[in-house]
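Structural features, examined
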Amino acid sequence: MLAGIIPAAGLSSRMPGFKPLLPLGGSPMIARSIRAMQGGGVEDLWVVLGKNAEELIPIVESCGARWVINPHYETTDMLASIQLGLRQLHDPQGVFFAPCDMPAIAPKTFFAVRQFAQNTRAPAVFPYRAGEAKTAHPPYLRGDLVPALIAYQGEGGLKGGLTSLGAQKLLVGDPGASMDADQAEDYEALCAYVQKTSGLSRAACAALWEEYELLPHIRRHCTAVADVAFAIALALARCGVPLDLTLVDSGAMLHDLCRLQHRHAHYGAKELEKKGYLALAQVVAGHDHIDVTVELNETQVVFLADKIVRETGPVTITERYRPALERFGSDPVISKDILTQRGNAERLRELFEQAAGQSLYALSESVLQQRA
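Here is a short report on the structure shown in this document. As the structure is a computational prediction, the values presented were derived from the model and not from experiment. (Residues numbered from 1 in each chain as written. Predicted model: local features only at pLDDT ≥ 70, side-chain atom pairs only at ≥ 80, totals over all residues. Heavy atoms only, no water.)

1. Here we look at the nonpolar core
By size, the foremost hydrophobic cluster in this structure holds 58 residues, and its most contacted members are Leu200, Val228, Ile232, Leu254, Leu272, Val301 and Phe352. Element by element, the count of residues in this core is highest for helix H9 (residues 216-237), at 14 residues. In this structure, Val301 is in contact with Ala229, Ile232, Ala233, Leu236, Leu243 and Val248, ignoring residues within four places of it in sequence. Counting 34 residues, the second-largest nonpolar core is a separate cluster that includes Ile6, Ile34, Val113 and Ala136. (Core = buried A, V, L, I, M, F, W, Y, C linked by side-chain atoms within 4.5 Å. Buried < 20%, exposed > 50% of the residue type's maximum accessible area, 1.4 Å probe, protein only. Helix = DSSP H or I, 4+ residues; strand = E, 2+ residues; numbered from the N terminus. Contact = heavy atoms within 4.5 Å.)

This is how it looks when you write it as structure tokens:
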């Protein structure tokens, strides 16, 4: 199992606020950091807490991560917190590390780093960005070397420990891999970047529902689709398909934001673009008609989830498209388009089941039954 450690026991002394709780797209920063790791395939995720632990524990648990408290957080460094987190692991395949104030790392970066480690048999890997002196994240450690890093007592913190084990470097192109919130201006830049490249919290999505006066039954449908889409994305991430879980979730929550408008997907996307939510707008724009010639992505996941949820209940793809075919079957142009989209949905179902090794319909029915 792939593990991850997020040290969040710092004092945030250089920021006017407590970093793990600073809002980012409507979510506390710590929740964003957890979702980033989960989207990168991490299953066994531990957050090391210190200051304000009682406020962070409910957030950590709600995201499906586990926690441990560093009782000496005021007098120890980040490496001590990481070593405490490592002691909680049981025979991991590998371990990623990322501070709680680096929540914008792209899921693909996690996979690129791990793939490089596997291909080169490197004991550890440091990602880096061209032309930047600042250390990029997330560094990676091979699972069998966890005891060695726990025992490290040298200088240089985590970087010194991984270097002593023979860490190699990997060039990455991800801007989020070197964006943190050390200073107030860094946080502002991080907020602007996340707004353009990722999604929103459910609370922020609900605020948009209010603004656009979305009808209650459409809200219920969007929430059901979001629950299914998130489950699909999480299953894929754990099987090697990098996905932005927050983008998937909020894309589903907002996919019918303007459903009563003509060409509602296009209209909704334009409204989100006006607000600066560029990646989110792309997901909403594509949820109606999809391209299956590209790698599995967030837009496809939202499209697929929408096609197996009728209102708030499960439905097969064939059943989902039957009413449209009965209504427009006599029109060769429209019926051809419907059949194409039904075929695309079936193709995505096949791709999901091949990657995740489970039935899409069984997954959706389980999720929707839990909601009932």
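2. Focus on the sheet that holds strand E5 (residues 66-69)
Here seven strands make up an open sheet; going across it, the order is E5-E4-E1-E6-E8-E7-E9 and the pairing mixed. The two strands at the open ends of the sheet, each matched to only one other strand, are E5 and strand E9 (168-171). Strand-to-strand twist of the sheet, defined as the mean angle between neighbouring strand axes without regard to direction, takes the value 25 degrees. When strand E7 (residues 124-128) meets E9, the two strands line up parallel, connected through four bridges. (Pairing = 2+ DSSP bridges. Axes fitted to C-alpha atoms, helices over the stretch in contact; angles between N-to-C directions.)

3. Re the packing of H9 against helix H10 (residues 245-253)
In the contact formed by H9 and H10, the axes pass within 7 Å of each other and the chain directions differ by 155 degrees. When the interaxial angle is binned, H9 and H10 end up roughly antiparallel. The handedness of the crossing between H9 and H10 comes out as right-handed. Where H9 approaches H10, its residues Cys222, Thr223, Val225, Ala226, Ala229, Phe230, Ala233 and Leu234 are matched on the opposing element by Leu245, Val248, Asp249, Ala252 and Met253. Residues that form the contact of H9 with H10 fall into these classes: 11 nonpolar, one polar and one charged. (Parallel < 35°, antiparallel > 145°, perpendicular 65-115°, else oblique. Left-handed = near helix turned anticlockwise from the far one by under 90°. Nonpolar A, V, L, I, M, F, W, Y, C, P; charged D, E, K, R; others polar.)

4. A word on the packing of aromatic side chains
Per the counting criterion, the structure on display carries two aromatic pairs. Here Phe96 and Phe110 contribute two aromatic rings whose centre-to-centre distance is 5.0 Å and whose plane-to-plane angle is 85 degrees, an arrangement assigned as edge-to-face. Of the two residues, Phe96 is situated in strand E6 (residues 94-97) and Phe110 in helix H4 (residues 107-120); the sequence distance between them amounts to 14 residues. The exposure classification of Phe96 matches that of Phe110, with both residues buried. (Phe/Tyr/Trp six-rings, centres within 6.5 Å; stacked < 30°, edge-to-face > 60°.)

5. Examining helix H16 (residues 360-371)
The end-to-end C-alpha separation of H16 is 17 Å, in line with the 16 Å expected for 12 residues at 1.5 Å each. What H16 keeps buried is the set Leu360, Leu363, Ser364, Val367 and Leu368. All buried residues of H16 project into a common sector of 120 degrees when viewed along the axis, lining one side. Set apart from the buried face of H16 by more than 90 degrees, the exposed residues are Gln369 and Gln370. Where H16 is buried, its residues touch H9, helix H13 (298-307), strand E10 (309-310), strand E11 (313-314) and helix H15 (332-356). Of the residues that open H16, the one with a side-chain oxygen 3.3 Å from the backbone nitrogen of Tyr361 is Ser359. (Expected span 1.5 Å × (residues − 1). Arc of directions from axis to C-beta. Polar contact = N/O pair within 3.5 Å; in protein donor to acceptor, adjacent residues only side chain to side chain.)

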